[in-house]
Amino acid sequence: AQVSKLTYEIAAREDERLYKALVAQIEAFYSRIVSDSLQRMHGEALLREFIRHGENQEMIGRFYRTQFELLGRNYIKRTKSRTFDDISRSSFQAIIYNSVKQNLADELLTIIQQIREGKDVDRMLVKDTVRFIATLGSRMFQCYEEDFERAFLQQSCAFYGDCATQWMERDTAADYLQKSDAALQKEKHLVASLLHPMTDAKVQYALERKLLHDKVVALMERENNGLLYLLRTNRTQDIALFYKFVVRVGQGVEELARIFRRFIEAQSQQIWAARVSKEQNWSKEQGSLDEDGDMMRTIFDAYATWSQLMTTQFAGHSKARDALKRGVEYLVNYVAPGSPQKVLFVHLLANFCDALLRKQTGDKKMEENECEQLLEQVVLLFAHLQDKDVFRTAYQQALAQRLLNQTSASDDMERAMIGHFKLISGQA
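Since we're looking at a predicted model, the values are computed, not measured.

Thresholds applied
- Residues numbered from 1 in each chain as written.
- Predicted model: local features only at pLDDT ≥ 70, side-chain atom pairs only at ≥ 80, totals over all residues.
- Heavy atoms only, no water.
- Helix = DSSP H or I, 4+ residues; strand = E, 2+ residues; numbered from the N terminus.
- Rg over C-alpha atoms; globule rule 2.2 N^0.38 Å.
- Buried < 20%, exposed > 50% of the residue type's maximum accessible area, 1.4 Å probe, protein only.
- Phe/Tyr/Trp six-rings, centres within 6.5 Å; stacked < 30°, edge-to-face > 60°.
- Core = buried A, V, L, I, M, F, W, Y, C linked by side-chain atoms within 4.5 Å.
- Contact = heavy atoms within 4.5 Å.
- pLDDT = per-residue confidence, 0-100.
- Patch = residues over 30% accessible without salt bridge, like charges linked within 9 Å, V, L, I, M, F, W, Y side chains within 5 Å.
- Areas by Shrake-Rupley, 256 points an atom, 1.4 Å probe, with all protein chains shown as cover.
- Salt bridge = Lys/Arg side-chain N within 4 Å of Asp/Glu carboxyl O.
- Lys, Arg positive; Asp, Glu negative; His and termini not counted.
- Charge placed at Lys NZ, Arg CZ, Asp CG, Glu CD.
- Expected span 1.5 Å × (residues − 1).
- Axes fitted to C-alpha atoms, helices over the stretch in contact; angles between N-to-C directions.
- Left-handed = near helix turned anticlockwise from the far one by under 90°.
- Nonpolar A, V, L, I, M, F, W, Y, C, P; charged D, E, K, R; others polar.
- Arc of directions from axis to C-beta.

K.L.:
Hey, could you go over the overall build of the chain for me, with residue numbers and the actual values?
P.N.:
Of the regular secondary structure elements, the chain holds 18 helices and zero strands. Relative to the compact-globule value of 22 Å for 428 residues, the chain shows a C-alpha radius of gyration of 38 Å, a clear excess of over 25%. Seen along its three principal axes, the alpha-carbon backbone of the chain occupies a region of about 130 × 55 × 35 Å. Residues counted as buried form 43% of the 428 residues belonging to the chain.

So this is what it looks like as structure tokens:
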């Protein structure tokens, strides 16, 4: 028994000595690689050599594991020592990677900058290098985040910060937004094709803050080419881009709604100015200015345009919806300065409604579908009137005349309109 115990102890000591010798051999191999080549390399050559040794470290671990299988089954398992695969992997990181990680990050960032500048580079080399770095560290993605990603985000912000300064100085608001959008899409594609997906959200957030966070409101409020100009010129795509970035950076929604309302009020003033001009040029013999179908259709078209902007370009945002509501209220309750006859919109609306509901003859007769669509527009505008009682009185008087004279075009439409008005105002 004593001989057997002594034999076991000798074997254990020899196994330990062999194991330590093999560990030292692996570490010496990696140290020699570093001193012989890697630290003196730069550019793509460094990345290629790093990838080669990264691939070799798996082969080295596998070689020692198979050649010294008995040692693994006995000593390593019994003492719970690190396996040769672990030793090769950790030695690769501690000796090779740690000695060149700064150079690797610098070379990767240089190549990425060349990609941004449109130069032809070996993209797969970047992707493979990043893939190896992502496997290193005591926790998942530690080396990728600490040694590369952090520097990548800093470089990206610095580069696009310079771009933002130049664009703000020389470009219109629409051009700035388009370039910013293109930059964000370009970086998204770069990350998707070369880096780890976890970087996408980080770089998008960082660049949004750099390009837009402190600038979107200033761009929006530009007098000559800001949001108001885009609304006036019906640049719907650029308007939608403004809203997209306002929402993404969480800044400027109040300003956007204010400018939208300002746009509606300005167009409302133009509509009423055209009305005043018509009053001044018309003589009383040319007809009643209270029946102005052209103006009403202009208002309906404008309302449809504003509603389309609110629902499509501004995605139905509550602030834009409120701006539309207040803007339309401004239009239908506006008192135009300089109007000789002081005609109010409430009278125009009531008379226009009466004209639609009366029997029509001759060339002016319209299809029933068109008439119903116009009446729907009347109801929408009625909801914004302050003087609903004035409208109701005028409407009831006109209704009585249509019924008395039997000039009503349709009993169904009459009942439908009364139902709509009751629903909105709660009264007959």
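Now that the structure is up, let's keep going.
K.L.:
Outline the packing of aromatic side chains, supporting the account with residue identities and numerical values.
P.N.:
Evaluation of the coordinates by the stated rule reveals 24 aromatic pairs. Measuring from ring centre to ring centre gives 5.8 Å for F148 and F152, while their planes differ by 20°; the resulting arrangement is stacked. With a gap of four residues between them, F148 and F152 both fall in helix α6 (residues 142-170), about one helical turn apart. Accessibility classification places F148 together with F152 in one group, the buried group.

K.L.:
Give a detailed account of the nonpolar core, specifying residues and quantitative values.
P.N.:
One finds F50, F152, L195 and F260 to be the most contacted residues of the largest nonpolar core, which totals 127 residues. If near-sequence neighbours (up to four positions away) are discounted, F260 is found in contact with L231, W306, L309, M310, F314, A320, A323 and L324.

K.L.:
Give me the lowdown on the environment of S410, citing residues and values where you can.
P.N.:
The residue S410 is located in the loop between α17 (388-405) and α18 (411-425) in this model. Given a relative accessible area of 15%, S410 falls into the buried group. With 338 residues separating them along the chain, S410 and G72 place their C-alpha atoms 97 Å apart.

K.L.:
So what about the confidence of the model for the chain? Which residues, and what values?
P.N.:
Taken over all residues, the pLDDT of the chain has a mean of 86, while the share at 70 or more is 91%. Contacts from residues 1-8, a stretch scored under 50 in pLDDT, to residues over four places away or in other chains number one contact.

K.L.:
Account for a negative patch on the surface, naming residues and giving values.
P.N.:
A contiguous patch of negative charge on the surface is contributed by E367, E368, E370, E372 and E376. Inspection of the secondary structure puts E370 in helix α16 (residues 368-382).

K.L.:
Report on helix α13 (residues 293-313), specifying residues and quantitative values.
P.N.:
The end-to-end C-alpha separation of α13 is 29 Å, in line with the 30 Å expected for 21 residues at 1.5 Å each. Of all the positions in α13, only M295, M296, I299, F300, A302, Y303, W306, S307, L309, M310 and Q313 are classed as buried. Looking at the packing, one finds that the buried side of α13 touches α10 (227-232), α11 (236-249), α12 (253-281), α14 (318-332), α15 (345-357) and α16. At the C-terminal side of α13, A315 shows a positive phi close to 50°.

K.L.:
I'd like a description of the pattern of salt bridges, backed by residues and values.
P.N.:
Applying the stated criterion across every chain, the model contains 29 salt bridges. For R116, the salt bridge identified is with E187, shortest N-O distance 2.9 Å. With a gap of 71 residues between them, R116 in helix α4 (residues 84-116) and E187 in helix α7 (residues 173-194) connect regions that are remote in the sequence. For E187, a relative accessible area of 0% puts it in the buried group. Between K325 and E329 there is a salt bridge whose closest N-O contact spans 2.7 Å. Here K325 and its partner E329 are both found in helix α14, four residues apart, which amounts to about one turn of the helix. Salt bridges sharing partners connect three or more residues here, namely R139, E145, E146, E149 and K202.

K.L.:
Let's hear about the packing of helix α8 (residues 198-213) against α11: which residues, and what values?
P.N.:
A pair of packed helices is captured by two measures, namely the crossing angle of their axes and the spacing between those axes. One can describe the packing of α8 onto α11 by two numbers: an axis separation of 10 Å at closest approach and a directional angle of 120°. For α8 against α11, the interelement crossing comes out left-handed. Residues Q204, E208, L212 and H213 of α8 touch α11, and the partners they reach there are F245, R248 and V249. Partitioned by chemical class, the residues of the contact of α8 with α11 number three nonpolar, two polar and two charged.

K.L.:
Lay out α17 in plain terms, naming residues and giving numbers.
P.N.:
With 18 residues, α17 should reach 26 Å at 1.5 Å per residue; the first-to-last C-alpha distance of 25 Å fits that figure. Listing the buried residues of α17 in full gives K388, F391, R392, Y395, A398, L399 and R402. Buried residues of α17 fall within an arc of 135° about the axis and therefore sit on the same side. Those residues of α17 that are exposed and angled more than 90 degrees off the buried face are Q397 and L404. Against α15, α16 and α18 lie the buried residues of α17. Within two residues after α17, Q406 carries a phi angle of roughly 55°, on the positive side.

K.L.:
Could you give an account of unusual backbone geometry, naming the residues involved and the relevant values?
P.N.:
Of note, K80 is a non-glycine position whose phi angle comes to about 55°, a positive value. The exposure class assigned to K80 is exposed, which follows from its relative accessible area of 76%.

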